[in-house]
Amino acid sequence: MAYHKFNATQVFTGKEILDENFALIVQENGIIEAIVRIDEAGDDIQKLNGILCPGFINAHCHLELSHVKGLIPEHTGLVDFILQVISKRQTDTDQILEAVEKAESEMLDAGIVAVGDICNHTHTLTQKNAKRLHYHHFIEVSGWNPMVAASRMETSLTSYKIFKNLFPLHTSLSPHAPYSVASELWDLMRPFFADQIITIHNQESAAENELFKSNSGDFTSLYQLMQISNPSFAATGKNSLPSVFHYLEAAKHVLLVHNSFTEQSDIDFIRSSQTPVSFCLCPNANLYIEQTLPPVDLFVKNDITLVIGTDSLASNHQLSILDELKTLHQHFPHLPLSLLLKAATHNGANALEMEKELGSFEKGKIPGVLLLENVSDKILSNSSIQRIL
């Protein structure tokens, strides 16, 4: 059997960084054979300048919104952003499909091998059936008005059944956000959460916590503007996360996405739960919409499991995990490079239940092989990605 043998400046295994004294051995079909010391690797070793790394995992994306790129101004705030997404997402189907194909190619070029993708429609199915990337499909459900709970659930279940038939192991039903799901809709969804991977947009704006604490703020204004009524809603006096998390406790794994306004009390609450949770960071989208960033140092201090997402091209200029890592390193330069790379590879694969194939250089896996180039003194600002396998 023929092998590729790579020796680089460093090797990131998915969990740790090894120095130049190691070689990565990969079968021609991309299956990892071993990591061995360079003096045990034999002949025909390809020398590379950079960091060898498993393929990136984009844990949160809205591929179906790719056609909205550039249509929504930056820094609108979340409430105005939501209104503009609603008004601008409808367009010609051919335009949507063309944008989806282009966006997926962009992710491939950026070294992404798997995506946790939010789906409100079946528009992405044609592209996904080409199987160029691994996907977990989160069929999104929303509806703040209790009167539409049954119809919203029926619509979402139509998409859910189509995806579930094609991708049975990687399709799950998920709520959009605490501020967009009425208790009546939570009750309809809840049976579908058991033993599944669930994702939810979490604490993306200060207004979300304000809504649950006191039933006031920008979201109440949004509901009035959209003529949406939810008479069954009552403020809990708590942040949004502890107010709704009990609906999700039967899940196998929960991905909390954005977390820009998560506090220590929320983390303490999550730690008291038995449900495994990962916190997904999408820093470029947070800056695009709210001009803010999540409290990354707080997460690191509390040893929170972090994963990385790009959000959509409606809220980002590109779909690149490396660019998300660059933004995190720019604003939190003290973060270890290994922590960031682990969030973008091993942690993401685990969160999407793809760890048997992806996320790390372990024998038998096919995680993809990237070369991270131009990393100077562990700083990512000028770095770039080359896909090796």
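Right above here is the structure, for reference.
How each quantity is defined
Residues numbered from 1 in each chain as written. Predicted model: local features only at pLDDT ≥ 70, side-chain atom pairs only at ≥ 80, totals over all residues. Heavy atoms only, no water. Helix = DSSP H or I, 4+ residues; strand = E, 2+ residues; numbered from the N terminus. Rg over C-alpha atoms; globule rule 2.2 N^0.38 Å. Buried < 20%, exposed > 50% of the residue type's maximum accessible area, 1.4 Å probe, protein only. Core = buried A, V, L, I, M, F, W, Y, C linked by side-chain atoms within 4.5 Å. Contact = heavy atoms within 4.5 Å. Patch = residues over 30% accessible without salt bridge, like charges linked within 9 Å, V, L, I, M, F, W, Y side chains within 5 Å. Areas by Shrake-Rupley, 256 points an atom, 1.4 Å probe, with all protein chains shown as cover. Salt bridge = Lys/Arg side-chain N within 4 Å of Asp/Glu carboxyl O. Phe/Tyr/Trp six-rings, centres within 6.5 Å; stacked < 30°, edge-to-face > 60°. Lys NZ or Arg CZ within 6 Å of the ring centre and 35° of its normal.

### Some remarks on the overall build of the protein chain
Right, on to step 1. A tally of regular secondary structure across the protein chain gives 14 helices and 17 strands.
Right, on to step 2. For 389 residues, the compact-globule formula gives about 21 Å, and the C-alpha radius of gyration of the protein chain, at 21 Å, lands near that figure.
Right, on to step 3. Across its three principal axes, the protein chain shows a C-alpha extent of roughly 70 × 40 × 40 Å.
Right, on to step 4. Residue burial in the protein chain is summarised as follows: out of 389 residues, 56% are buried.

### Section: the nonpolar core
Right, on to step 1. Formed by 90 residues in total, the largest nonpolar core has its most connected members in Phe56, Met107, Trp186, Met189 and Phe219.
Right, on to step 2. What Met107 contacts, discounting residues up to four positions off in sequence, is Asn58, Cys61, Leu63, Ile112, Val115, Leu133, Tyr135, Leu319 and Arg387.
Right, on to step 3. Within the second largest apolar cluster, 18 residues are counted, among which are Ala59, Ala285, Val307 and Met354.

### A look at unusual backbone geometry
Right, on to step 1. Located in the positive-phi region is Gln291, a residue other than glycine, with phi close to 55°.
Right, on to step 2. Residue position: Gln291 is located in the loop between α10 (283–290) and α11 (296–301).
Right, on to step 3. The backbone of Asn374 sits at a positive phi, close to 60°, despite the residue not being glycine.
Right, on to step 4. Secondary-structure assignment places Asn374 in the loop between β16 (369–373) and β17 (384–387).

### Side note on a nonpolar patch on the surface
Right, on to step 1. Taken together, the side chains of Ile86, Leu225 and Met226 present a nonpolar region at the surface, about 280 Å² in accessible area.
Right, on to step 2. As for its placement among the helices and strands, Met226 is situated in the loop between α7 (218–225) and α8 (240–244).
Right, on to step 3. Using a relative accessible area of 31% as the deciding quantity, one classes Met226 as partly exposed.

### Things to note about the packing of aromatic side chains
Right, on to step 1. Scanning the model with the defined rule gives ten aromatic pairs in all.
Right, on to step 2. Judged by centre distance (5.3 Å) and plane angle (90°), the rings of Phe212 and Phe233 are edge-to-face. With a gap of 21 residues between them, Phe212 in helix α6 (residues 206–214) and Phe233 in the loop between α7 and α8 connect regions that are remote in the sequence.
Right, on to step 3. Put simply, the rings of Trp144, Tyr179, Phe212, Phe219, Tyr223 and Phe233 touch in pairs and so form one group of aromatic residues.
Right, on to step 4. The cationic tip of Arg37 hangs over the ring face of Phe22; the distance from NZ or CZ to the ring centre is 5.1 Å.

These figures come from the coordinates and say nothing about function on their own.
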